Amino acid sequence: MIIALAGNQNSGKTTLFNQLTGSNQHVGNFPGVTVEQKIGALISYSDVSIVDLPGIYSLSPYTSEEIVTRDYLVKQRPDAILNIVDATNIERSLYLTLQLIELQIPMVLALNMMDEVYANNGSIDSFALSNSLGIPAVPISAAKKQGLDELAETVLNAATKKTPPQRIDFCSGAVHRAIHAISHTIEDHADLCGLPARFAATKLVEGDELMLAALGLSDNERHMIDHIVSEMETEMDTDRESAMADMRYQFIEEACKISVVKPHKSKEYLLSAKIDSVLTHKIFAIPAFLAIMVVMFTLTFGGIGAALSRLMLIGVDALIEIVGNALVLNGYNQVVCSLIVDGILSGVGAVVSFLPIIVTLFFFMSILEDMGYMARVAFIMDKPLKSIGLSGRSFVPMLIGFGCTVPAIMSARTIPSEKDRKMTILLTPFMSCSAKIPIYSIFCAAFFSKMQGLAMGCLYIIGIVLAVLAGTAMKKVAFKGMPGPFVMELPNYRFPSPKSVLLLLWDKAKDFLHRAFTVIFLATIIIWFLQSFDSRFNYVVDSSNSILAGIGKNLAYFFTPLGLFDWRIATSLITGFTAKETILSTLGVLSGVSAAELPNALAGMFTPLSAFSFLVFVLLYTPCAATVATVKREYGSWTGAAFTMGFQTGFAWFAAMLAYQIGSIFV
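Quick caveat: nothing in here was measured; it's all calculated off a predicted structure.

## Looking at the overall build of the protein chain
Part 1 of the reasoning: Per the secondary structure count, the protein chain includes 32 helices and 8 strands.
Part 2 of the reasoning: Relative to the 2.2 N^0.38 estimate, which gives 26 Å for 667 residues, the radius of gyration of the protein chain is 29 Å and therefore close to what a compact globule would have.
Part 3 of the reasoning: Taking the principal axes of the C-alpha coordinates as reference, the protein chain spans close to 85 × 55 × 50 Å.
Part 4 of the reasoning: In the protein chain, which comprises 667 residues, the share counted as buried stands at 57%.

## Re the confidence of the model for the protein chain
Part 1 of the reasoning: Here the protein chain averages 82 in pLDDT, while 92% of its residues score no lower than 70.
Part 2 of the reasoning: In this model, residues 24-35 is a region of pLDDT below 50 whose contacts with residues beyond four sequence positions or in other chains number 56 contacts.

## Some points on the pairing of strand 2 (residues 38-42)
Part 1 of the reasoning: Both strand 2 and strand 3 (residues 45-52) contribute to a ladder of 5 bridges, which runs antiparallel. Within strand 3, the position partnered with Ala41 by the bridge is Ser49.
Part 2 of the reasoning: Counted between consecutive antiparallel strands, the loop separating strand 2 from strand 3 contains 2 residues, among which Ser44 sits at a positive phi close to 75 degrees.

## Remarks on the packing of aromatic side chains
Part 1 of the reasoning: Under the criterion given, the structure shown has 19 aromatic pairs.
Part 2 of the reasoning: Measuring from ring centre to ring centre gives 6.3 Å for Phe430 and Phe647, while their planes differ by 65 degrees; the resulting arrangement is edge-to-face. Note that Phe430 is positioned in the loop between helix 21 (418-427) and helix 22 (437-447) and Phe647 in helix 32 (residues 638-666), a separation of 217 residues in sequence.
Part 3 of the reasoning: Pairing Phe443 with Phe614 gives two aromatic rings, centres 4.9 Å apart and planes at 25 degrees, and the pair type is stacked. In this pair, Phe443 sits in helix 22 while Phe614 sits in helix 30 (residues 608-620), placing the two residues 171 residues apart along the sequence.

## A word on the pairing of strand 5 (residues 107-112)
Part 1 of the reasoning: By the criterion of burial, strand 5 is predominantly enclosed, with 6 of the 6 residues buried.
Part 2 of the reasoning: Here strand 5 shows two buried faces, one formed by Met107, Leu109 and Leu111 and the other by Val108, Ala110 and Asn112.
Part 3 of the reasoning: Bridging between strand 4 (residues 80-86) and strand 5 involves 6 bridges; their strand directions are parallel. Bridging across to strand 5, Leu82 finds its partner in Val108.
Part 4 of the reasoning: With helix 3 (residues 90-101) bridging strand 4 and the parallel strand 5, this β-α-β connection has right-handed handedness.

## Remarks on the nonpolar core
Part 1 of the reasoning: Membership of the largest hydrophobic core comes to 91 residues, with the highest contact counts inside it found for Leu427, Phe443, Leu573, Leu602, Phe606 and Phe614.
Part 2 of the reasoning: Aside from chain neighbours lying at most four places away, what touches Leu573 is Phe559, Leu564, Ile583, Phe614, Phe617, Val618 and Tyr621.

## Points about helix 10 (residues 219-236)
Part 1 of the reasoning: Here helix 10 contains 18 residues, and its C-alpha end-to-end distance of 26 Å stays within 8% of the 26 Å for a straight helix at 1.5 Å per residue.
Part 2 of the reasoning: When helix 10 is considered as a whole, its buried residues turn out to be Glu221, Ile225, Ile228, Val229 and Met232. In a view along the axis of helix 10, the buried residues occupy a sector of 90 degrees, so they form one face of it. Looking at helix 10, the residues exposed on the side facing more than 90 degrees away from the buried face are Asp219, Asn220, His223 and Thr234.
Part 3 of the reasoning: For helix 10, the secondary structure elements touched by its buried residues are helix 7 (173-193), helix 8 (197-205) and helix 11 (240-257).
Part 4 of the reasoning: Just downstream of helix 10 lies Asp237, where phi reads positive at about 55 degrees.

## Remarks on unusual backbone geometry
Part 1 of the reasoning: Not every positive phi belongs to a glycine, and Met113 is a case in point at roughly 65 degrees.
Part 2 of the reasoning: With a phi angle near 60 degrees, Lys145 is a residue other than glycine that sits in the positive phi range.
Part 3 of the reasoning: With respect to the helices, strands and loops of the structure, Lys145 is situated in the loop between strand 7 (137-139) and helix 6 (148-161).

Reading guide: rules and limits
- Residues numbered from 1 in each chain as written.
- Predicted model: local features only at pLDDT ≥ 70, side-chain atom pairs only at ≥ 80, totals over all residues.
- Heavy atoms only, no water.
- Helix = DSSP H or I, 4+ residues; strand = E, 2+ residues; numbered from the N terminus.
- Rg over C-alpha atoms; globule rule 2.2 N^0.38 Å.
- Buried < 20%, exposed > 50% of the residue type's maximum accessible area, 1.4 Å probe, protein only.
- pLDDT = per-residue confidence, 0-100.
- Contact = heavy atoms within 4.5 Å.
- Pairing = 2+ DSSP bridges.
- Phe/Tyr/Trp six-rings, centres within 6.5 Å; stacked < 30°, edge-to-face > 60°.
- Right-handed = clockwise from strand over helix to strand, strands pointing away.
- Core = buried A, V, L, I, M, F, W, Y, C linked by side-chain atoms within 4.5 Å.
- Expected span 1.5 Å × (residues − 1).
- Arc of directions from axis to C-beta.

Dropping the structure here:
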């Protein structure tokens, strides 16, 4: 049995999914957190699956994620729909409900956030609302786990008995006549497609091109439908979409009159309005955002995160020393000792020691996200992004890109405009992902120790500034035209959920450690082998005689204009394509030093200027293999992925070359 969970963005859908399935899903307080379908078994019912669909406002899709939801409901026909609505904003939420009812799939309405409604002297008569809509309505609070047992029982009952909604006709007057006339015209086509005729008719009245193509109507039938719609528009003196919207909202208004007592403005709303008077102010908004980012980076890279990272580094080095001594005392072969100590432990340890920094950064980002501040950031960035041909909607993927570029690119599906979506995918890799944090940390500690936090912040700012410049150029050359419209709901500020924050930290730590002990583990073994043997597979003491040295020396010419002369640097950048963390482990393995000794080893390979050039290149060059595969999937071809790789690498080389050559004039 499959139950589809559908609702508006920011209605508490993912929270409800977590509560019903026990899944460890991240819950964010900004629209667009759910990008793909997520499936989980209903607690105590292993044979009942709940599918968490992307949040939508209508079954007339504009974005890729809205198409995912509609296609699933229309083509997969789940056993039941669990429609969650925000009870504090019931009129707007029911707009989607009326469209879902027309699908004639067994359905239950979950009235979420009822605790907030009651707290602000409001109420909803769920029985009266149920009678008006023809479907069961259950009051709940997903966050406080109230009413969930009754909800699960009700939706299971509806799915088992296959009880469709008892009412589907919400129209009157000219709209009523148009829908019913078109229903009779297309009834046979709708039956062949497995669609309710009324649902198909309402989509045709709205001018839905996807539905028109799916039904396969003849020219005569299309002309007849156009004539029916034209007469309706003339009689109502409005366009087709407005006529449908007015019809639905009139019904919703009547239904709410007899069932809803509107709550007063909540304390949370009033407090949010006061905070927003500063944080979204046309003058203070961006300075406030920058100040918050500076505090976050300072605490992460120069305070809490750095201190915890140093402690872990001491532990990693102690472990390496213990294992190394144990291997020697037990008489293990020199090659085996080198593989375990110099290859695996030193390579993986150099990366793992930066786990506290990554966890600290995401701790602060998760708090800002759960509070609702990230939605405000997207709002205030709309105007600056319009200058490069994008809307504020593109800022959400870019913001996610500071964590990982893969989900960031996937979240670009929320962007309605195809032009904006492709441009966002190209620019998102400019946002420095968490995989680069260990590299930045150790280089800034080695070469810019007196201003480590500032140096780290500058790298992030450089990425943003160069993304703006690249976007401006793209707007004039390849992505001409106006950016798409931007509408975003700003949720009330809320106290961060400790569970949500801890789940995010656990997910990030788990993902980081998984990469460390899979991709990076394998990469360090390969690197160790290539730098420990020559072309005839003889073990070498001096790695400059190894297979890897031969490869690196040929590649080093490409990086000479960047001030990067050592073959080990070129080699590390190539291995960085698998995962950016392997750059650090590669340098550690090739230098034959522990994580604690790596900063001193780097001093022999770089000058402060060439280190800066190196960091600029790492910041901008081609994203990792997983990201390239995601770009390929989003573009639908390897051509787009190859262009992204070439564009990023070329841009990175040019920017790093300018940084080094211009810097050489002054140094």
